[in-house]
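# Tertiary structure, described
Chain by chain, the residues run as shown.
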Amino acid sequence: MLTSRPRGTNDILPGETEKWQYIEKVFHDVCRRYGYKEMRIPIFEHTELFERGVGDTTDIVEKEMYTFNDRGGRSVTLRPEGTASAVRAYLDGKLFAVPQPVKMYYIGPMFRYDRPQAGRYRQFHQVGVEAFGAESPAIDIEVVALFMDYFRELGLTELELMLNSVGCPKCRKVLRDRLQDYFRSHLSSLCENCRSRFDRNPLRILDCKEAKCREVSSDAPTLFDSLCDRCLNHFKIVREGLDELGVPYTLNPSLVRGLDYYTNTAFEVVVHGIGAQSSIGGGGRYDGLVELIGKRDIPGIGFAIGMERVLLAMEKQGVGFPSVHGFDVYVATIGKGTETYALKLTDSLRKAGLSAERDVMGRSLRAQMKYASKMAARYTVIVGDEELAREQVIIRCMDTGKQEDVHIEDIIKILLEKTTQPQGGSLSV
Ligand code: HAM
């Protein structure tokens, strides 16, 4: 029991961590190119932030939050998503007082109590961006372009970008009335969940995955029919911008998304062929959320991507990862007399910026070489008594097996040159 992890959580161990570091690095880099700066926000917040921000009729708030009282008796919740926290941090940090837009990104764990399955966990990880202060559809285009660029940069294919506009509160009120008129005569054909959504949030019925609800919904009035002129125009400019950039998308009028704060542009990416949890990321505009949380009328837009699902998709599609070697140099010793030299050489290599290891297990030379090979060292420096007396060591390239004698004064220079050359091959997950 003490060694088993809680259901729905994962250990990310060496061998896997490198893949995480890689997909995080690509995200940092894509964000840098688009001018988004990193933000780091708390893992837990006051429960009320999510109840109000995400919406108390959403699945997340109704049944998926990790909520508990802290020792001071305050109700706190492990964050189920990043947007509400980002809005709170924007307000708390008075970022409305600096030149707008404020464009930020985050990387980190989120928590939702759901039934775990492949691609769905109770602790999972997201990368996400949020842009505050810009009303123009230009920012919608930028955010969607960044979103798609990340997947492109990782080498993912078979993606489908779904796009919708969920309108402003005015159009949604019109749609809500029209949906209630429509669904009233079909109530008995809906699932129990949707029957309870009928009064509270009929838009969510459009999003239900149950076959019988999908059938009824297929003839329901759509958001497109209910958009006001302003929202229609906003959506048109977003679509034209994506067309200009050559970003393909599918219009999906039933894309509602499971969080209450969206207005206007809503989008989601599904990857075909990775199983039930095919939605790897999604987002949209949330023009009323800053007002709701902090009484300031400031627009916002963003997205989040599930990192476990990104890795799953990369694995399914056989996308390679660039790093192959465990470390740059292994310093192998023959004979006790060389140990102090090996200690100092390893230290100097590390200080020169290389990753270097030496024997700490008292292994024979043969066993040391086997270990270096198993741990994927790029080079081994073999330090023998006789060679050392001649101020020489042997450098062996572990990929080719090629060996050369090198003067001890040249070791670091030569290894620095060799390790800055590109590595061959790639590792598939
Ligand atoms: P979301 O659609 O709830 O949006 O989550 C975004 C992504 O997180 C999903 O597409 C999925 O890849 C991943 N995800 C969600 N739940 C799980 C889970 N239980 N296990 C594994 N992965 C999961 C949001 O969170 C919004 N905050 C996005 C946003 C940002 N909208 C505007 N700004």
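Presented here is an overview of the structure given in this document.

Rules behind the numbers
- Residues numbered from 1 in each chain as written.
- Predicted model: local features only at pLDDT ≥ 70, side-chain atom pairs only at ≥ 80, totals over all residues.
- Heavy atoms only, no water.
- Helix = DSSP H or I, 4+ residues; strand = E, 2+ residues; numbered from the N terminus.
- Buried < 20%, exposed > 50% of the residue type's maximum accessible area, 1.4 Å probe, protein only.
- Contact = heavy atoms within 4.5 Å.
- Areas by Shrake-Rupley, 256 points an atom, 1.4 Å probe, with all protein chains shown as cover.
- Lys, Arg positive; Asp, Glu negative; His and termini not counted.
- Charge placed at Lys NZ, Arg CZ, Asp CG, Glu CD.
- Near = heavy atom within 4 Å.
- Polar contact = N/O pair within 3.5 Å; in protein donor to acceptor, adjacent residues only side chain to side chain.
- Nonpolar A, V, L, I, M, F, W, Y, C, P; charged D, E, K, R; others polar.
- Phe/Tyr/Trp six-rings, centres within 6.5 Å; stacked < 30°, edge-to-face > 60°.
- Lys NZ or Arg CZ within 6 Å of the ring centre and 35° of its normal.
- Pairing = 2+ DSSP bridges.
- Salt bridge = Lys/Arg side-chain N within 4 Å of Asp/Glu carboxyl O.
- Axes fitted to C-alpha atoms, helices over the stretch in contact; angles between N-to-C directions.

Turning our eyes to something else, we now look at the overall build of the protein chain. Along its length, the protein chain carries 16 helices and 18 strands. By residue count, 48% of the 429 residues in the protein chain fall in the buried class. The long-range share in the protein chain, meaning contacts at least 24 apart out of those at least 6 apart in sequence, stands at 70%. Put simply, the protein chain shows about 21700 Å² of open surface, and 50% of that area lies on carbon and sulfur atoms. Here the protein chain holds 58 positive side-chain charges and 60 negative ones, and the gap between their average locations is 3 Å.

What follows covers the site of the ligand. Around the ligand lies a shell of 25 residues, among which Glu81, Thr83, Tyr121, Glu130 and Tyr262 are the nearest. At a separation of 2.6 Å, a nitrogen atom of the ligand approaches a polar side-chain atom of Tyr262. Residue assignment for the shell around the ligand shows that the elements contributing at least two residues are β6 (123-132), β10 (279-285) and β11 (300-306). If one sorts the elements of the shell around the ligand by residue count, β10 sits on top with six residues. A breakdown of the residues in the shell around the ligand according to their chemical character gives nine nonpolar, ten polar and six charged.

This brings us to helix α12 (residues 307-316). In terms of residue burial, α12 counts as a mostly covered element, since eight of its ten residues are buried. Burial in α12 covers these residues: Met307, Glu308, Arg309, Val310, Leu311, Leu312, Ala313 and Met314. Immediately downstream of α12, the backbone of Gly318 shows phi near 65°, a positive value.

Considering all chains together, one arrives at 17 aromatic pairs under this definition. Ring centres of Phe147 and Phe303 lie 4.8 Å apart, and the angle between their planes is 55°; on these two criteria the pair is classed as tilted. Residue Phe147 is found in helix α5 (residues 137-154), and its partner Phe303 is found in strand β11; the two are separated by 156 residues along the sequence. Accessibility classification places Phe147 together with Phe303 in one group, the buried group. Taking 5.1 Å as the distance between ring centres and 75° as the angle between the ring planes, the aromatic pair formed by Tyr182 and Phe183 counts as edge-to-face. Accessibility classification places Tyr182 together with Phe183 in one group, the buried group. Three or more aromatic residues link up through ring pairs in this structure, and these residues are Phe27, Tyr105, Phe147, Tyr150, Phe151, Phe267 and Phe303. Looking at Arg122, its charged tip hangs above the ring of Tyr113, at a distance of 3.9 Å from the centre. It is Arg239 that lies over the ring of Phe235; its NZ or CZ is 4.9 Å from the centre.

The next point concerns the pairing of β11. Burial runs high along β11: seven of the seven residues are buried. Bridge analysis of β6 against β11 gives seven bridges, and the strand direction is antiparallel. If you follow Val127 over to β11, its bridge partner there is Ile305. Sheet topology places β10 next to β11; five bridges connect them, and they run antiparallel.

This next bit is on the pattern of salt bridges. The tally for this structure, following the rule as stated, stands at 25 salt bridges. Look at the salt bridges and you will find they share partners, linking Asp29, Arg32, Arg33, Asp149, Arg152 and Glu153 into a network.

Across a sheet, strands are paired by hydrogen bonds formed along the backbone, either parallel or antiparallel in direction. Spatially, β1-β5-β6-β11-β10-β9-β7-β8 is the arrangement adopted by the eight strands of the open sheet, whose pairing is mixed. This sheet does not close on itself; its edge strands, each paired only once, are β1 (37-38) and β8 (250-251). Bridge analysis of strand β7 (residues 159-165) against strand β9 (residues 263-271) gives seven bridges, and the strand direction is antiparallel. Residue pairing across strands places Leu159 opposite Val271, the latter belonging to β9. Across the sheet, α5 is in contact with β5 (102-111), β6, β7, β9, β10 and β11; its angle to β11 comes to roughly 15°. Strand contacts of helix α10 (residues 229-245): β7, β8, β9 and β10, with the helix running at about 155° to β7, the strand carrying the most contacts.

Along the chain, Ser165 turns up in strand β7. Looking at Ser165, its side chain comes within polar contact range of the main-chain nitrogen of Gly167, at 3.2 Å. For Ser165, the contacting residues outside a window of four places in its chain are Leu223, Phe224, Leu227, Phe235, Asn264 and Thr265.

The values reported here are purely geometric and, on their own, carry no functional implication.
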